[in-house]
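Architecture at a glance
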Amino acid sequence: MSVPESAANRRSFLTRSAKIAAIPAIATLAGGALTQPASADATDLPDYAPIPPSALGPAVNAQGYYVGRIERNLYWVTDGTYQAAFLTTKEGVVLFDAPPTIGHNLQRAIDEIAGANGVSNKVTHIVYSHHHADHLGASSLFGRHVERIGHAETRRLLLRDNDPARPAPNVTFTDRKTLYIGGERIELAYQGTNHTPDNIYIHLPEHDTLMLVDVNLPGWVPFYDFNLNEDIPGSIAAPAKALAYPWKHYVGGHMGRLGTREDMVVYQQYVTDIVDNVKIAMNTVDPTPYFTKYGNNAWAGVKTYLDAVANYAADPVIKKYTGVLAAADVFTASNAFIILESIRLDLGYGSQVHD
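Residues numbered from 1 in each chain as written. Predicted model: local features only at pLDDT ≥ 70, side-chain atom pairs only at ≥ 80, totals over all residues. Heavy atoms only, no water.

Okay, the overall build of the chain next. When helices and strands are counted, the chain shows 10 helices and 12 strands. Across the 355 residues that make up the chain, the buried fraction comes to 46%. Accessible surface, the chain: about 17,800 Å² in total, of which carbon and sulfur atoms supply 55%. (Helix = DSSP H or I, 4+ residues; strand = E, 2+ residues; numbered from the N terminus. Buried < 20%, exposed > 50% of the residue type's maximum accessible area, 1.4 Å probe, protein only. Areas by Shrake-Rupley, 256 points an atom, 1.4 Å probe, with all protein chains shown as cover.)

Turning to the sheet that holds strand β11 (residues 209-211), a few remarks are in order. The strands that make up a sheet pair up through hydrogen bonds in the backbone, lying either parallel or antiparallel. Ordered by their spatial adjacency, 5 strands build an open sheet running β8-β9-β10-β11-β12, and the pairing between neighbours is mixed. The sheet is open, and its two edges are formed by β8 (176-181) and β12 (249-251), each paired on a single side. Neighbouring strand axes in the sheet, compared pairwise and without regard to direction, differ in orientation by 20° on average. Across 3 bridges, β11 lies against β12 in parallel orientation. By the bridge assignment for β12, T209 is matched with H249. (Pairing = 2+ DSSP bridges. Axes fitted to C-alpha atoms, helices over the stretch in contact; angles between N-to-C directions.)

A turn of α-helix holds 3.6 residues, and therefore any two residues three or four places apart point the same way. Compared with an ideal rise of 1.5 Å per residue, which puts 24 residues at 34 Å, helix α7 (residues 261-284) spans 35 Å between its outermost C-alpha atoms and is within 8% of the ideal. Restricting attention to buried positions, one finds in α7 the residues D263, M264, Y267, Y270, V271, D273, I274, V275, N277, V278, A281 and M282. Contacts made by the buried residues of α7 are with α5 (224-227), α6 (232-243), β12, α9 (298-321) and α10 (328-345). (Expected span 1.5 Å × (residues − 1). Contact = heavy atoms within 4.5 Å.)

Each pair of packed helices can be summarised by the angle the axes make with each other and by the distance between the axes. As a packed pair, α7 and α10 sit with axes 9 Å apart at the nearest point and diverge in direction by 65°. Judged by the inter-axis angle, α7 sits roughly perpendicular to α10. When the axes of α7 and α10 are compared, the crossing they make is right-handed. Residues Y270, V271, I274, V275, V278, K279 and M282 of α7 lie in contact with α10, whose contacting residues are T332, N335, A336, I339, L340, I343 and R344. For the contact of α7 with α10, the per-class residue count stands at 10 nonpolar, 2 polar and 2 charged. (Parallel < 35°, antiparallel > 145°, perpendicular 65-115°, else oblique. Left-handed = near helix turned anticlockwise from the far one by under 90°. Nonpolar A, V, L, I, M, F, W, Y, C, P; charged D, E, K, R; others polar.)

Moving on, we come to the packing of α9 against α10. Running from amino to carboxyl end, α9 crosses α10 at an angle of 130°, the nearest separation of the two axes being 8 Å. Judged by the inter-axis angle, α9 sits oblique to α10. Of the two possible hands of crossing, α9 and α10 adopt the one that is right-handed. Contacts from L306, D307, V309, A310, N311, A314, V317, I318 and Y321 of α9 reach α10 at A328, D329, T332, A333, A336, F337, L340, E341 and R344. When its residues are assigned to classes, the contact of α9 with α10 shows 12 nonpolar, 2 polar and 4 charged.

With that settled, consider the sheet that holds strand β2 (residues 74-78). What the 7 strands build is an open sheet, ordered β1-β2-β3-β4-β5-β6-β7; its pairing is mixed. A single partner strand is all that each edge strand has here, and the edge strands are β1 (66-71) and β7 (171-173). Strand-to-strand twist of the sheet, defined as the mean angle between neighbouring strand axes without regard to direction, takes the value 20°. Across 5 bridges, the pairing between β1 and β2 is antiparallel. Of the residues in β2, the one forming a bridge with G68 is W76. In the packing of helix α2 (residues 105-117) onto the sheet, the strands contacted are β1, β2, β3 (83-89), β4 (92-96) and β5 (123-127), and the crossing angle to β3 comes to about 35°. Strands in contact with helix α4 (residues 152-161) are β6 (147-151) and β7; relative to β6, the strand with the most contacts, it is inclined by about 105°.

What follows is about the packing of aromatic side chains. Under the counting rule described, the total for this entry stands at 10 aromatic pairs. Pairing Y201 with Y245 gives two aromatic rings, centres 5.9 Å apart and planes at 20°, and the pair type is stacked. Of this pair, Y201 sits in strand β10 (residues 201-204) while Y245 sits in the loop between α6 and β12, and the two are 44 residues apart along the sequence. There is no split in this pair, since Y201 and Y245 are both buried. Ring geometry for F223 against F331: centres 5.3 Å apart, planes inclined by 70°, an arrangement best described as edge-to-face. Taken together, the residues F223 in the loop between β11 and α5 and F331 in helix α10 connect sequence positions 108 residues apart. The residue whose ring lies beneath R261 is W247, and the NZ or CZ to ring-centre distance is 4.9 Å. For K293, the ring lying beneath its charged end belongs to Y294, and the centroid distance is 5.6 Å. (Phe/Tyr/Trp six-rings, centres within 6.5 Å; stacked < 30°, edge-to-face > 60°. Lys NZ or Arg CZ within 6 Å of the ring centre and 35° of its normal.)

Counting 48 residues, the largest nonpolar core has Y270 and I339 as the members making the most contacts within it. For this core, the elements supplying multiple residues, two or more each, are α6, α7, α9 and α10. Top contributing element to this core by residue count: α9, with 10 residues. Each residue touching Y270, except ones within four places of it in the same chain, is listed here: V221, P222, V317, Y321, L325, T332 and N335. Residues A98, V123, Y128 and L158 belong to the second largest nonpolar core, which totals 24 residues. (Core = buried A, V, L, I, M, F, W, Y, C linked by side-chain atoms within 4.5 Å.)

Written as structure tokens, this is what we have:
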């Protein structure tokens, strides 16, 4: 049966744009206040800078994924927006994360590699980077008998969330754990909170690879509000901890390509530039006009003042990184706002004691 052109176009768009799966669909609000959403005016959308070609990864296949070798028997798979990795061993396959946007394509990618190399395609272990659903929501596809490994806090949070798509890890650790599976060595480490309270460093020293999810998205600026990081100072410190490891290849969990050490250095400098410019902005932007205009509407005064500080801090960073990091003009202002709030509240910068 032929598919109408409009339906085919829509299906093609949804296949290419796995980003949509990370945002709650309006349909999930059925029965609530937004059952009949107001129509949005999409006729005057803003224009943004072109994406640098260096930010883009390889094209996905007709089924919506790309799988490639990182080094020797370590591979990665992406749908262009999310990433996972897997290691083929003599005992089976070790999978690192299971994003639902990749879903069943994880097994298809494993089957493709296993078939080409004459090794087992059976996933025997899944290592969890952290508890978030957008990176683990396909874990249940691999059944109940897979050994799931993660931080103790990951187990606690998943038991709390009680999501059948994300079975809690049955093997946990608190500080460090070295896995020996099928003759391969995998080093897991917890080095404090960053993106989440449980996000870990996954190091494969014999494959020259580090996996650290949701910190640096190679080739791109951080997602909205500084990647929604729960610990801003911890996240700002994470690149230095990552660079202390010996590695050549980096799996960041998002977007379409692997990262390099240079990507981590550029990302670290981007964040440093925001921090430096936020401090300059806090010392430069006069709050008086904002609070004078809005009088006893304190929230309006606070909002407009902090937005002005964030924009003042963001402007030179946007200029510096446009053409270097994708979407510098899209999310830098929101990243600057979150870092501004952390500098004020976590570090106490600019705090004054009333006389």
